[in-house]
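As a plain string of letters, each chain reads:
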There are 2 protein chains.
Amino acid sequence: MTTYQAKIYVTLRPSVLDPAGTAVESGLKHMGHGGIEGVRIGKYVELKVSAADEGAAQKQLDEVCDQLLANPVIENYRFELQAVG
Amino acid sequence: MTTYQAKIYVTLRPSVLDPAGTAVESGLKHMGHGGIEGVRIGKYVELKVSAADEGAAQKQLDEVCDQLLANPVIENYRFELQAVG
């Protein structure tokens with residue numbers, strides 16, 4: 001078994017409105033940061049996964065993302081794996 | 001003025017408990033994903049910033065993160081910039 005450090009990025013699909021991002025953008029304008037636009041807010045998850053090999057770790061993370069971390073209807077995800085021992 | 005695409009990662013400081021991460025880890029165990037541990041949940045923000053140069057963009061993003069996107073008492077942040085035109 002190898003342990004992998006995973007970094008998972010969950011983002012809203014481009015076609016889905018992001019009210020939180022719009023609120024942040026509006027707040028930033030009021031604070032004087034007018035040069036900022038296109039704010040989109042997602043989730044960033046770090047975890048360790050133990051698996052036989054990198055393929056098995058990827059398969060498990062796909063399941064975890066589809067079932068729990070992301071809502072496939074409105075969100076995309078991607079992840080990076082790094083062996084740590 | 002150059003426009004930069006920024007990817008911002010906001011994470012809880014290692015010394016701060018993450019109840020949401022613990023809940024996800026517990027849920028995953030109940031779903032049969034026992035090989036996963038150390039779940040930490042953060043924020044991932046994408047935005048575009050227009051600035052005179054990369055140094056000015058970094059300075060503005062530091063202000064934005066300190067004032068709005070991150071709580072410096074319990075969270076760390078880091079960001080990547082890429083010129084897009």
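A quick note: this is a predicted structure, and the numbers were derived from the prediction, not measured.

Trainee: Describe the overall build of chain A, listing the residues and the values that go with them.
Mentor: Along chain A, the regular secondary structure elements total 2 helices and 3 strands. Starting at the N terminus and ending at the C terminus, chain A contains elements arranged as β-α-β-α-β. A globule of 85 residues ought to have a C-alpha radius of gyration of about 12 Å, yet chain A, at 17 Å, is considerably larger. Looking at chain A residue by residue over its 85 residues, the buried ones come to 35%.

Trainee: So what's going on with the pattern of salt bridges? Which residues, and what values?
Mentor: Residues and elements named next belong to chain A. Tallying each qualifying case throughout the model produces 2 salt bridges over all chains. A salt bridge links Lys 59 to Glu 63; the nearest nitrogen and oxygen atoms lie 3.6 Å apart. On the criterion of helical spacing, the pair formed by Lys 59 and Glu 63 is a turn pair, its members being 4 residues apart in helix 2 (residues 54–69). Take Lys 59: its relative accessible area is 54%, and that puts it in the exposed class. Classification of Glu 63 as partly exposed rests on a relative accessible area of 30%.

Trainee: Describe the confidence of the model for chain A, naming the residues involved and giving the relevant values.
Mentor: Considering every residue of chain A, the mean pLDDT works out to 96; 100% of them sit at 70 or more. Here the prediction assigns the complex a pTM of 0.92, and the interface score ipTM is 0.91.

Trainee: How would you sum up the environment of A:Thr11? Please name residues and give values.
Mentor: Within the element layout of this structure, A:Thr11 appears in strand 1 (residues 2–12). Separated by 34 residues in sequence, A:Thr11 and A:Val45 place their C-alpha atoms 11 Å apart. Beyond its immediate stretch of four places on either side in the chain, A:Thr11 contacts A:Ile74, A:Glu75, A:Asn76 and B:Tyr44.

Trainee: Describe the interface of chain A and chain B, with residues and values.
Mentor: The partner chain B presents 30 residues to the 30 residues of chain A that form the contact. Buried area between chain A and chain B, summed over both chains or domains, comes out near 2600 Å², and the portion from carbon and sulfur atoms is 62%. The tally of links from chain A across to chain B stands at 0 salt bridges. In this assembly, chain A and chain B are joined by 12 residue pairs in polar contact (both at pLDDT 80 or more).

Trainee: For the packing of aromatic side chains, give the residues involved together with the corresponding values.
Mentor: Given two aromatic rings, one states the distance between the centres and the angle between the planes to describe the pair. Scanning the model with the defined rule gives 7 aromatic pairs over all chains in all. Ring geometry for B:Tyr77 and B:Phe79: centres 6.4 Å apart, planes at 5°, overall stacked. Among the aromatic residues, those joined into a cluster by ring pairs are A:Tyr9, A:Tyr44, B:Tyr9 and B:Tyr44. Directly above the ring of A:Tyr9 sits A:Arg78, whose terminal nitrogen or CZ lies 4.3 Å from the centroid.

Trainee: I'd like a description of the relation of the copies chain A and chain B, backed by residues and values.
Mentor: Superposition of the two copies of the chain requires a rotation about an axis and a shift along the axis. Relative to chain B, chain A is turned by 180° and slid 0.0 Å along the rotation axis, the superposed coordinates differing by an RMSD of 0.0 Å. Taken together, the rotation angle and the small translation identify this as a two-fold axis. Minimal C-alpha separation from the rotation axis in chain A is found for A:Lys43, amounting to 2.3 Å. Of all interface residues in chain A, 100% are interface residues in chain B too; the two copies therefore contact each other through one and the same surface.

Trainee: Can you lay out the sheet that holds strand 3 (residues 75–83) of chain B for me, pointing to particular residues and giving the numbers?
Mentor: The sheet built from 6 strands is open, its strands ordered 3(A)-1(A)-2(A)-2(B)-1(B)-3(B) with antiparallel pairing. Since the sheet does not close on itself, it has two edges, and those belong to strand 3 (75–83) of chain A together with strand 3 of chain B, each with one partner. Going across the sheet, the axis of each strand differs from the next one's by a mean of 25°, ignoring polarity. The pairing of strand 1 (residues 2–12) of chain B with strand 2 (residues 36–51) of chain B spans 9 bridges and is classified as antiparallel. Looking at strand 2 of chain B, one finds that B:Gln5 is bridged to B:Lys48.

Conventions we followed
Starting from 1, residues in each chain are numbered consecutively following that chain's sequence as written. Lettering of chains starts at A and numbering of ligands starts at 1, both following the order in which they are written. Per-residue local features are limited, in this predicted model, to residues with pLDDT of at least 70; the limit for side-chain atom pairs, both in listing and counting, is 80 or more; totals at the level of whole chains, interfaces and linings are taken over all residues. Water and hydrogen atoms play no part in the side-chain values, which are based on all heavy atoms of the structure. Secondary structure elements are taken from DSSP: a helix is a run of H or I of four residues or more, a strand is a run of E of two residues or more, and numbering for both begins at the N terminus. We take the radius of gyration over the C-alpha atoms and set the globule estimate at 2.2 Å times the residue count to the 0.38 power. Whether a residue is buried, partly exposed or exposed follows from its accessible area with a 1.4 Å probe, protein chains only, as a fraction of its type maximum: under 20%, in between, or over 50%, in that order. The rule for a salt bridge is simple: a side-chain nitrogen of Lys or Arg has to be within 4 Å of a carboxyl oxygen of Asp or Glu. pLDDT is a residue-level measure of predictor confidence that goes from 0 to 100. In what follows, a contact means two residues having at least one pair of non-hydrogen atoms within 4.5 Å. What gets called buried area is simply the loss in accessible area from a 1.4 Å probe that two parts show on being joined, summed for both. Polar contact is defined as a pair of N or O atoms within 3.5 Å, subject to the rule that within protein one atom must be able to donate a hydrogen and the other to accept it, and that residues adjacent in sequence are counted only when both atoms are side-chain atoms. Between rings of Phe, Tyr and Trp, where Trp is taken as its six-membered ring, a pair exists when centres lie within 6.5 Å; planes separated by under 30 degrees are stacked, by over 60 edge-to-face, and by other angles tilted. A ring is considered to have a charge above it if a Lys NZ or an Arg CZ atom is located within 6 Å of its centre and within 35 degrees of its normal. Overlaid copies result from least-squares superposition on C-alpha atoms, with residues included only where pLDDT is at least 70 in both. Pairing between strands is defined by DSSP: at least two bridges between the two strands are required. A fitted line through C-alpha atoms represents every axis, and for helices the fit uses only the stretch in contact; the resulting angles, taken between N-to-C directions, go from 0 to 180 degrees.

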